[in-house]
Amino acid sequence: MAVEMLYEKDGSMAPLQDKTIAVLGYGSQGHGHAQNARESGVNVIVAQREGSHNYDLAKENGFDPVSIADAVKQADMMIITLPDEVQPQIYEKEIAPNLRPGQTLCFTHGFNIHFKTIVPPDDVNVIMVAPKGPGHLVRAEFVKGGGVPCLICVEQDPSGDARDVALAWAIAIGGARAGVIVTTFQDETETDLFGEQSVLCGGLSAMIKAGFEVLVEAGYEPELAYFEVCHELKLIVDLIYQGGLDYMRYSISNTAEWGDLYTGPKIIDDHVKDNMKKALAEIQDGTFAKGWRAEYEQGMKDFKARYEADRAHGVETTGRQLRAMMPWLDPKTVPGN
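Residues numbered from 1 in each chain as written. Predicted model: local features only at pLDDT ≥ 70, side-chain atom pairs only at ≥ 80, totals over all residues. Heavy atoms only, no water.

### Here's the deal with the overall build of the chain
Along the backbone of the chain there are 17 helices and eight strands. At 22 Å, the chain has a C-alpha radius of gyration in line with the 20 Å of a compact globule built from 337 residues. The dimensions of the chain, computed from C-alpha atoms along their principal axes, are 65 × 45 × 40 Å. Considering the chain as a whole, with its 337 residues, one finds that 39% of them fall into the buried category. Taking the intrachain contacts of the chain between residues at least 6 apart in sequence as the baseline, contacts between residues at least 24 apart amount to 67%. Only carbon and sulfur atoms are counted for the fraction: they give 55% of the accessible area of the chain, which is about 18700 Å². With 30 positive and 49 negative side-chain charges, the chain shows a spacing of 2 Å between the two charge centroids. (Helix = DSSP H or I, 4+ residues; strand = E, 2+ residues; numbered from the N terminus. Rg over C-alpha atoms; globule rule 2.2 N^0.38 Å. Buried < 20%, exposed > 50% of the residue type's maximum accessible area, 1.4 Å probe, protein only. Contact = heavy atoms within 4.5 Å. Areas by Shrake-Rupley, 256 points an atom, 1.4 Å probe, with all protein chains shown as cover. Lys, Arg positive; Asp, Glu negative; His and termini not counted. Charge placed at Lys NZ, Arg CZ, Asp CG, Glu CD.)

Set out below in structure tokens:
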């Protein structure tokens, strides 16, 4: 079945006319959504905790932030850009008590709706508009006159126009300039979690650490190992980002290409694929979501221990030293570390 793709010509911003839209949270996604929509002519208010860096940023960008509760009282639609793990508690304390029939809850990721850690009343619309890129890119591309592709989903539609509203918001933030894919909360949530865990973050991080360990344990210098399994990764990823695996292979040496085609399947073999299938099954049946909620509610002790262990890994300590030698990279460190 072919994917349904929509563009600006397929909708309009009419469903947002004379409406007040509250962006809850002024972090990565929030600042992009709020500024883009405001410049598209939408009446936008921002909810952000006073005293935070993002509160000050919102003020600098011309908003007058209010509390989440006050934003929900004023708004016709709420764009929820808060971290997944904090949403349920904030929903119960500040959003749910102030909801009115006919309002719209718009999420930028489906986690809490799909796994029912948030269960809205039947008389509000529940939609999703999820740009396929971080908020700074959503903002930068909009300013250039372009946009970042978006996914839109409808979970509840008591008003009968929830899809039109979702498309209108995608138009307002610039996503429909590039293209909007119609999908479901389930498909967005499960594919997003799988990609993060198996390839983009979890799988990639584990591959980098394992490759570094194999070289160092074989007697090679850590600095050489870092360059070969981590530093040069950007060169390859950029080629894939621009033109897929085919363009990457076209751009590298024949020796590297043969190593890709010949050795790659030996590393990522059926055993690894089986493990990926198990990870997907735990996402689909809710095991991962339940475990993550439990970890958060118990103070994230295991999370923090794993994080600190990886910060001390050789590929990280070596990398920090080498990146300091390359100012053109604009090396970054985590605030507070």
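### Considering the pattern of salt bridges
For the coordinates displayed, the defined rule picks out 12 salt bridges. Across the pair Asp260 and Arg249 runs a salt bridge whose closest N-O atoms are separated by 2.6 Å. Of this pair, Asp260 sits in helix H13 (residues 254-267) while Arg249 sits in helix H12 (residues 233-251), and the two are 11 residues apart along the sequence. On the accessibility criterion, Asp260 (21% relative accessible area) is partly exposed. In this structure Arg249 comes out as partly exposed when scored by relative accessible area, which is 24%. (Salt bridge = Lys/Arg side-chain N within 4 Å of Asp/Glu carboxyl O.)

### Comments concerning the packing of helix H9 (residues 185-200) against helix H14 (residues 270-284)
Across the interface, H9 lies against H14 with an axial gap of 10 Å and an inter-helix angle of 145 degrees. Remark: the crossing between H9 and H14 carries right-handed chirality. In contact with Glu190, Leu193, Phe194, Gln197, Ser198 and Val199 of H9, H14 contributes Met276, Ala279, Leu280, Ile283 and Gln284. Residue composition of the contact of H9 with H14, grouped by class: seven nonpolar, three polar and one charged. (Axes fitted to C-alpha atoms, helices over the stretch in contact; angles between N-to-C directions. Left-handed = near helix turned anticlockwise from the far one by under 90°. Nonpolar A, V, L, I, M, F, W, Y, C, P; charged D, E, K, R; others polar.)

### Brief notes about the side chain of His31
Relative to the elements of secondary structure, His31 occurs in helix H1 (residues 28-39). You can call His31 buried: its relative accessible area is 15%. Beyond its immediate sequence surroundings of up to four residues, His31 is in contact with Tyr26, Gly135, His136 and Arg139.

### Comments concerning the packing of helix H11 (residues 222-231) against helix H17 (residues 314-323)
At a minimum axis separation of 9 Å, H11 and H17 run at an interaxial angle of 90 degrees. Of the possible angle classes, the one that applies to H11 and H17 is roughly perpendicular. Seen from H11, the contacting residues are Pro222, Glu223, Tyr226, Phe227 and Cys230; seen from H17, they are Val315, Thr318, Gly319, Leu322 and Arg323. Taken together, the residues of the contact of H11 with H17 break down into six nonpolar, two polar and two charged. (Parallel < 35°, antiparallel > 145°, perpendicular 65-115°, else oblique.)

### Some points on the sheet that holds strand E6 (residues 125-131)
Hydrogen bonds along the backbone pair up the strands of a sheet, which may run parallel or antiparallel. In spatial order, the strands read E1-E8-E7-E6-E5-E4-E2-E3; together these eight strands make up an open sheet with mixed pairing. A single partner strand is all that each edge strand has here, and the edge strands are strand E1 (4-6) and strand E3 (43-47). Averaged over neighbouring strand pairs, the angle between their axes works out to 25 degrees when direction is ignored. Note: strand E2 (residues 20-24) against E3, five bridges, orientation parallel. Within E3, the residue paired with Leu24 across the bridge is Ala47. (Pairing = 2+ DSSP bridges.)

### A word on the pairing of E3
Burial analysis of E3 places four of its five residues in the buried class, the great majority of the element. After leaving E2, the chain enters H1 and then returns to the sheet as E3, a path that is right-handed. (Right-handed = clockwise from strand over helix to strand, strands pointing away.)

### Regarding helix H4 (residues 87-95)
Residues of H4 that are buried: Gln87, Pro88, Ile90, Tyr91 and Ile95. Considered in projection along H4, the buried side chains sweep an arc of 165 degrees and stay on one side of the axis. For H4, the exposed residues lying more than 90 degrees away from the buried face are Glu92 and Lys93. (Arc of directions from axis to C-beta.)

These results come straight from atomic positions and should not be treated as a statement about function.
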